[in-house]
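# Topology and contacts: notes
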Amino acid sequence: MPIPDFQSVMLPLMKYASDDKEHTLRETSDCLAKEFNLTEEEKTELLPSGSQAIFDNRVGWAKTHLSKAGLLFSPRRSVFTISERGKQVLQSNPPIINMAFLRQFPEYVEFTKPARKNGSHSTTGKNEERLSDNTPEEALEYAYQEIKTSLAEELLGKVKSSPSDFFERLVVELLVKMGYGGSLKDAGRATRKVKDEGIDGIIKEDKLGLDVIYVQAKRWEGSVGRPEIQKFVGALAGQGANKGIFITTSCFSNDALNYIPRNDTKIVLIDGQKLAEYMIEYNVGVTTVKSFEIKKIDSDYFEM
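Residues numbered from 1 in each chain as written. Predicted model: local features only at pLDDT ≥ 70, side-chain atom pairs only at ≥ 80, totals over all residues. Heavy atoms only, no water.

## So, the side chain of His65
With respect to the helices, strands and loops of the structure, His65 is situated in helix H4 (residues 54-68). You can call His65 buried: its relative accessible area is 6%. Excluding its chain neighbours within four sequence positions, the residues that come into contact with His65 are Phe6, Met10, Met99, Leu102, Tyr108 and Phe111. (Helix = DSSP H or I, 4+ residues; strand = E, 2+ residues; numbered from the N terminus. Buried < 20%, exposed > 50% of the residue type's maximum accessible area, 1.4 Å probe, protein only. Contact = heavy atoms within 4.5 Å.)

What follows is the structure, encoded as structure tokens:
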């Protein structure tokens, strides 16, 4: 079954806590995963940032909402248990517990009030509640991914329409930002076109120049096939080299992606999408407009 949203987790979580014992989020998440019959893959599926499992995040937010409504409370650090109000709610045998259900409790209404810019709460209208299947972290991360995808498409379009010498400089700068080639000045000299057996350039693998990597960067419109990769591998062999990076603004065919050289040659293929992603990650051709920090309580600070 698909991973349940955090509101769907609320009632099962309350029933799990109904034994009146203290529970941790870790143990709760594991038990609820079994109740929802989640596969190992579903249990370990991560948020876009890779910072936390989606299901664990949803269980955590379900617990937060229930606590804000006074149905759960934490008698001590890192554990929670059911409250008297929570017991009364379960005794009424509700068919569902979600955000709309929790609005009957004043504490929860206060918790969900949208904040004004000056830090106070808005009291205009009915404070429309936006029911969502996503937790706040998920909403932020999916929105970020959407912005990032749009930016990557725009970046790739700019790269494809740029002059060839600009593209060469871009590749050099990106590889330096990624830790190759030493300084930008050294890398610029190292990657000049040598037009030798089909290899476009050479760059240091590290700042000391203990090894080198051969680079081929092509602005293609169609798919790069296996023959082009084989030619590149052959060119590397002609130079006695065993490391290469093939960069293209388009994509690679399945035959190219599945090609494995018979010798010890190591080839990294970077298509247009990956190129744009690297440019965003290493701040090449992009600038930061706004940034957000997500913070949480530092429990150790409050320990006496």
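## Remarks on the layout of surface pockets
Estimated volume of the largest pocket: approximately 1,100 Å³. If you go around the largest pocket, you meet 25 residues; those closest to its centre are Leu25, Gly60, Lys63, Thr64 and Lys296. Elements with a minimum of two residues in the lining of the largest pocket: helix H2 (25-35) and H4. Per-element accounting of the lining of the largest pocket gives the leading share, nine residues, to H4. Its residues assigned to classes, the lining of the largest pocket shows seven nonpolar, 10 polar and eight charged. Of the pockets and cavities examined, the second largest pocket occupies roughly 930 Å³. Taken together, 21 residues make up the lining of the second largest pocket; nearest its centre are Tyr144, Ile147, Lys290, Ser291 and Phe292. Mapped by element, the contributors of at least two residues to the lining of the second largest pocket are helix H8 (136-161) and helix H13 (272-281). It is H8 that contributes the most residues to the lining of the second largest pocket, eight residues altogether. (1 Å grid on protein atoms, 1.4 Å probe; cavity = no way out; pocket = protein on both sides within 12 Å on 5 of 7 lines; lining within 4 Å. Points joined across faces, edges and corners; volume = space filled by probe spheres on them. Nonpolar A, V, L, I, M, F, W, Y, C, P; charged D, E, K, R; others polar.)

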